[in-house]
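Coordinates in review
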Amino acid sequence: MISITDKTQCCGCTACAAVCPKNCITMRPDGEGFLYPAVNADACVGCGACDAVCPVKNRPQAVDHPQAAAVRANDRALRLFSSSGGVFSLLATDVLNAGGAVCGAVYDENFQVRHVLAWDEAGVEPMRGAKYVQSDLNDVFSQIRSLLADGVPVLFSGTPCQTAGLRSLLRGQPENLLTVAVVCHGAPSPRVWEKNLRELGNVTDVRLRDKRESWKHYATNYFADGREIFRPVMDDPYMKGFLRDLFNRPSCAACPAKGGDYADLTLGDFWGIEKILPALDDDRGTSLVLVHSEKGRQALAALRDRVESRAVPFADAVRYNPAVTTASAAHPQRAEAMRRMETEPLARVVADYTKASGKEKLMGFARKLLGRK
Ligand SMILES: Cc1cc2nc3c(=O)[nH]c(=O)nc-3n(C[C@H](O)[C@H](O)[C@H](O)COP(=O)(O)OP(=O)(O)OC[C@H]3O[C@@H](n4cnc5c(N)ncnc54)[C@H](O)[C@@H]3O)c2cc1C
């Protein structure tokens, strides 16, 4: 029977709940809003399926360096509403055209993040763009399992630990499933996100990667109480705290899916593109694409008329993107910060734990002197 006594040992992927033959596992939120399995011990028959399917207990194998490419959609408008180069949306279109379903993360009516299934472009549109909050997978794994058994093509997109959980549940990779993982340096607390929204007012729209000034600036844009709130990253306490790993899920520091064979494709931001391949950088987003399987290679090849793409050595692809291979350690004062957030404003708490160190200030000063960003 699955029992989580150490929160670093559960990524919340729901595979254990989906595999349980007695349906006796439910996912329940802790005080930070992260979901963990709760077992109804009276109904449990002790079959051990939940432990066997857990991607944390059974870590995906590390693989050799995959093929890598820099890719951006020719459709600039599509890229403006995507977090990096818009590759996810193009892959989704191909699966929809094959009569399939696409599963990805959307905001619900309260701007909490959850995975849903879509059957047309209108359903995929809200999946576009990264939502930097841990998403609730609810029962999508069970829905996907049924669809696959009926022969329906499915694209699942999520964080690496989520794709690892799905593949573990399905015991490998059915022919009609395409898995797409996003590079992920951490999944933030739904409770902190909720607090951020509450402090903004009555929120009616959110964009966590507003590219109007620059793709590289991580600016945010909210509509709250009838006004637009555009924030450069340094003025957004939520993004500042996220980028400093102040409120990620505890398991992110021990990520079970770094460098593992967990998806057909991995998509991320191609950080450093301006140095490595400046011709592919218009500052509106370029994706880093890692290809882990033949199915992934074919899915990417099918985009060739709709993208600009260049193969790059793996070492160049990850030179400025440590999140691909390395789990980010939790902020050393995470516990204290989380405690204070229960009663104090987010901006005050984040400011106290994200002050630039002496070295960072010096580096900033040196960059200014040298005229670099
Ligand atoms: C929590 C999180 C952390 C990330 N950290 C990094 C990083 O450190 N470095 C990096 O290079 N890239 C990171 N990314 C990925 C990056 O922001 C882009 O999502 C990725 O490059 C794909 O971009 P795109 O333009 O192809 O498609 P987009 O349209 O931007 O892709 C969106 C896709 O991401 C999925 N998605 C969105 N939010 C979530 C969520 N909360 N949980 C699961 N899936 C989600 C959607 O289902 C959709 O499939 C992160 C993404 C998330 C969600």
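Residues numbered from 1 in each chain as written. Predicted model: local features only at pLDDT ≥ 70, side-chain atom pairs only at ≥ 80, totals over all residues. Heavy atoms only, no water.

Below, the discussion takes up the sheet that holds strand β10 (residues 227-231). Taken in spatial order, the three strands line up as β8-β9-β10 in an open sheet, and their pairing is antiparallel. Edge strands, defined here as strands with exactly one partner in the open sheet, are β8 (203-210) and β10. When the angles between neighbouring strand axes are averaged without regard to direction, this sheet yields 10 degrees. When β8 meets strand β9 (residues 219-224), the two strands line up antiparallel, connected through five bridges. What sits directly across from V206, in β9, is Y222. (Pairing = 2+ DSSP bridges. Helix = DSSP H or I, 4+ residues; strand = E, 2+ residues; numbered from the N terminus. Axes fitted to C-alpha atoms, helices over the stretch in contact; angles between N-to-C directions.)

Here we take up the layout of surface pockets. Vacant regions in the atomic arrangement are exposed by a probe of water-molecule size rolled over the atoms. In this model, the second largest pocket occupies a volume close to 920 Å³. Of all the secondary structure elements, the ones that give two or more residues to the lining of the second largest pocket are α4 (87-97), β4 (101-107), β5 (113-118), β6 (154-158), α9 (237-243) and β11 (265-269). Classifying every residue of the lining of the second largest pocket gives 20 nonpolar, 22 polar and five charged. (1 Å grid on protein atoms, 1.4 Å probe; cavity = no way out; pocket = protein on both sides within 12 Å on 5 of 7 lines; lining within 4 Å. Points joined across faces, edges and corners; volume = space filled by probe spheres on them. Nonpolar A, V, L, I, M, F, W, Y, C, P; charged D, E, K, R; others polar.)

Let us look at the nonpolar core. W193, V206, Y238, F247 and M341 are the most contacted members of the largest nonpolar core, which totals 45 residues. When residues of this core are assigned to domains, at least three fall in each of domain 2 (67-188 + 248-324) and domain 3 (190-247 + 332-363). Setting aside anything within four residues of it in sequence, one finds M341 in contact with V192, K195, L246, F247, L346 and V349. Listed in part, the 32 residues of the second largest apolar core include C54, A101, F141 and L177. (Core = buried A, V, L, I, M, F, W, Y, C linked by side-chain atoms within 4.5 Å. Buried < 20%, exposed > 50% of the residue type's maximum accessible area, 1.4 Å probe, protein only. Domains from an automatic or database assignment. Contact = heavy atoms within 4.5 Å.)

As for its placement among the helices and strands, T266 is situated in strand β11. Side-chain polar atoms of T266 contact the side chain of Y262, separated by 3.5 Å. (Polar contact = N/O pair within 3.5 Å; in protein donor to acceptor, adjacent residues only side chain to side chain.)

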